[in-house]
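Inside the fold
Listed below, chain by chain, are the residues.
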Amino acid sequence: MRARPRESAARGLVDRAANDKRDRILDAAETVFAEHGFFAARVSAIAKVASVADGTIYLYFRNKDDLLISLFERRMEQVNNLLAAAIAGLAPGEQLRAFILAYLTLIHDQPAAAEVLTIELRQSSKFMKEYDNPRFGDFLRLLGGVIAAGQASGEFDEAIPPPVAARMIFGVLDELATAWLLSDGPRGDAIGAAMGTRRKKFDIVRAAEWAVVFAMQGLQTTTKRRSSL
């Protein structure tokens, strides 16, 4: 039997309320994880920020690790959509530049989310050992597709397989993001000193331009590299 219109509308309201509460819990978890760290974060603190009872969280998430992974999945879906929009309609070289700039600008603009995705996520043994990470796979495929298109057009050298090149470029971006997020400590000092901002957060958007140069020169065809010398 089909649900009556009133029953369908009521069910829709219940589903929306549940989704809103789940999103509120995830937003609260992001705030608490960024402020206190994953290990020190308490579920009761997340519940307080989300304005729900402690037990309500377990209606949506099995445990704190599940909450962290769900937060990662939601954020990475947003990141991938933003990056796909940033590179749409561009030539491969411009796509690579837009991808790098958009990613590091996102780190700059949303430091709390970046702290969780870049640093706190690695504190979860479940994430590191058991989770197959499909959203990050989508991220690498998007970047790898840019590189593959550049190789097909002759703009990029074919010496490095696109999946490998994508991981190499992500490694550079991830290290820059981590150094920026921890730039009040020794990890960010070397970059900060080079930019004249020792013991302060260096300009990660400016550093993004350097990452573009680094990646573009590394992927250039042999002929282009010779002509630029």
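Residues numbered from 1 in each chain as written. Predicted model: local features only at pLDDT ≥ 70, side-chain atom pairs only at ≥ 80, totals over all residues. Heavy atoms only, no water.

Before going further, it helps to examine helix 4 (residues 64-87). In this model, helix 4 (24 residues) spans 35 Å end to end at C-alpha, consistent with the 34 Å of a helix rising 1.5 Å per residue. Its side-chain oxygen placed 3.2 Å from the backbone nitrogen of Asp65, Asn63 serves as the N-cap of helix 4. Once helix 4 ends, the next one or two residues include Gly89, with phi positive near 80°. (Helix = DSSP H or I, 4+ residues; strand = E, 2+ residues; numbered from the N terminus. Expected span 1.5 Å × (residues − 1). Polar contact = N/O pair within 3.5 Å; in protein donor to acceptor, adjacent residues only side chain to side chain.)

The next thing to look at is the environment of Gln78. Mapping Gln78 onto the fold places it in helix 4. On the basis of relative accessible area, Gln78 is assigned to the partly exposed category, the value being 37%. Distance in space between the C-alpha atoms of Gln78 and Arg135 is 10.0 Å, their sequence separation being 57 residues. (Buried < 20%, exposed > 50% of the residue type's maximum accessible area, 1.4 Å probe, protein only.)

Now for the packing of aromatic side chains. Applying the stated criterion across every chain, the model contains 12 aromatic pairs. The interplanar angle of 55° and the centroid separation of 5.8 Å between the aromatic rings of Phe38 and Phe39 together place this pair among those described as tilted. A relative accessible area of 3% places Phe38 in the buried class. Classification of Phe39 by relative accessible area gives exposed; the value is 60%. Counting every residue linked through ring pairs, the aromatic cluster contains Phe99, Tyr103, Phe136, Phe139 and Phe170. Above the ring of Trp180, the side-chain terminus of Lys201 is found at 4.6 Å from the ring centroid. (Phe/Tyr/Trp six-rings, centres within 6.5 Å; stacked < 30°, edge-to-face > 60°. Lys NZ or Arg CZ within 6 Å of the ring centre and 35° of its normal.)

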